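Survey of secondary and tertiary structure
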Amino acid sequence: MAMSGKIAALTEAYQRLSLANQKFIDQGGSIEAFKNLIEQRDLVMEDLTVLTQELVTAMEHSFPDHPFSCNSVAEAVRTISVLAPELEGHCNKVRSALKELIDSDKAVEKYIAGLKDEIKNEIGRVRQGSRGLKGYRQNQNYGSCFINKVK
């Protein structure tokens with residue numbers, strides 16, 4: 001059935017996003033890694049829009065007498081699991097891949113929040129250090145000792 005291939009492609013796309021999130025965390029979360037993560041996510045999201053439309057089209061061809069108003073992957077998967085019970089296993093894989101993606105997105109968000117706190121602490125230390133250095137600064141002496149004594 002053509003729908004099973006479309007559903008498998010959606011599952012794979014969600015799994016790629018989850019894997020990219022995990023790789024970002026494992027690499028240490030540099031700025032360059034974050035840029036790569038965002039670029040990869042944008043590309044996959046564009047693919048997901050196309051894959052969702054293809055799935056809805058395949059659903060319309062497979063079930064021509066049923067009206068479809070699927071605006072999201074979740075609605076499409078729910079509708080397929082009702083109309084085609086033999087594809088329930090594929091639909092469950094999409095659901096679990098989507099849940100994994102949500103969990104990995106939360107992990108990335110938490111990791112970035114930790115980095116943000118570390119950066120704030122480091123900026124505070126640098127500022128505190130610069131204040132301490134001002135106390136040791138020597139006064140500017142623009143003249144010679146002789147001129148200063150004459151004044």
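Everything below is about the structure shown above.
Summarised in this report is the structure supplied together with it.

The rules behind the values
- Residues numbered from 1 in each chain as written.
- Predicted model: local features only at pLDDT ≥ 70, side-chain atom pairs only at ≥ 80, totals over all residues.
- Heavy atoms only, no water.
- Helix = DSSP H or I, 4+ residues; strand = E, 2+ residues; numbered from the N terminus.
- Polar contact = N/O pair within 3.5 Å; in protein donor to acceptor, adjacent residues only side chain to side chain.
- Patch = residues over 30% accessible without salt bridge, like charges linked within 9 Å, V, L, I, M, F, W, Y side chains within 5 Å.
- Areas by Shrake-Rupley, 256 points an atom, 1.4 Å probe, with all protein chains shown as cover.
- Salt bridge = Lys/Arg side-chain N within 4 Å of Asp/Glu carboxyl O.
- Lys, Arg positive; Asp, Glu negative; His and termini not counted.
- Charge placed at Lys NZ, Arg CZ, Asp CG, Glu CD.
- Buried < 20%, exposed > 50% of the residue type's maximum accessible area, 1.4 Å probe, protein only.
- Axes fitted to C-alpha atoms, helices over the stretch in contact; angles between N-to-C directions.
- Parallel < 35°, antiparallel > 145°, perpendicular 65-115°, else oblique.
- Left-handed = near helix turned anticlockwise from the far one by under 90°.
- Nonpolar A, V, L, I, M, F, W, Y, C, P; charged D, E, K, R; others polar.
- Phe/Tyr/Trp six-rings, centres within 6.5 Å; stacked < 30°, edge-to-face > 60°.

Before going further, it helps to spend a moment on the environment of Ser96. The topology assignment puts Ser96 in helix 4 (residues 88-135). Along the backbone, Ser96 and Gln15 are 81 residues apart, and their C-alpha atoms lie at a distance of 9.5 Å. Reaching out from Ser96, the side chain makes a polar contact with the backbone oxygen of Lys93 at a distance of 3.0 Å.

Right, let's get into a negative patch on the surface. On the surface, Glu32, Glu39, Asp42, Glu46 and Asp47 cluster together to form a negatively charged patch. Within the secondary structure layout, Glu32 lies in helix 2 (residues 31-62). On the basis of relative accessible area, Glu32 is assigned to the partly exposed category, the value being 48%.

Let us look at the packing of helix 1 (residues 2-27) against helix 2. Taken N-terminus to C-terminus, the directions of helix 1 and helix 2 make an angle of 165°; their axes are 9 Å apart at the nearest point. Judged by the inter-axis angle, helix 1 sits roughly antiparallel to helix 2. Considering how the two elements wind past one another, helix 1 and helix 2 form a crossing that is left-handed. Each residue belonging to the contact of helix 1 with helix 2 can be placed in one class, and the counts come to 19 nonpolar, five polar and five charged.

Each aromatic ring pair is described using two quantities: the centre-to-centre distance and the angle formed by the ring planes. Following the criterion strictly, the structure yields two aromatic pairs and no others. Taking the centre distance of 5.7 Å and the plane angle of 55° together, the rings of Phe24 and Phe34 count as tilted. Taken together, the residues Phe24 in helix 1 and Phe34 in helix 2 connect sequence positions 10 residues apart. Judged by relative accessible area, Phe24 falls into the buried class, the value being 3%. Phe34 sits in the partly exposed class, given a relative accessible area of 32%.

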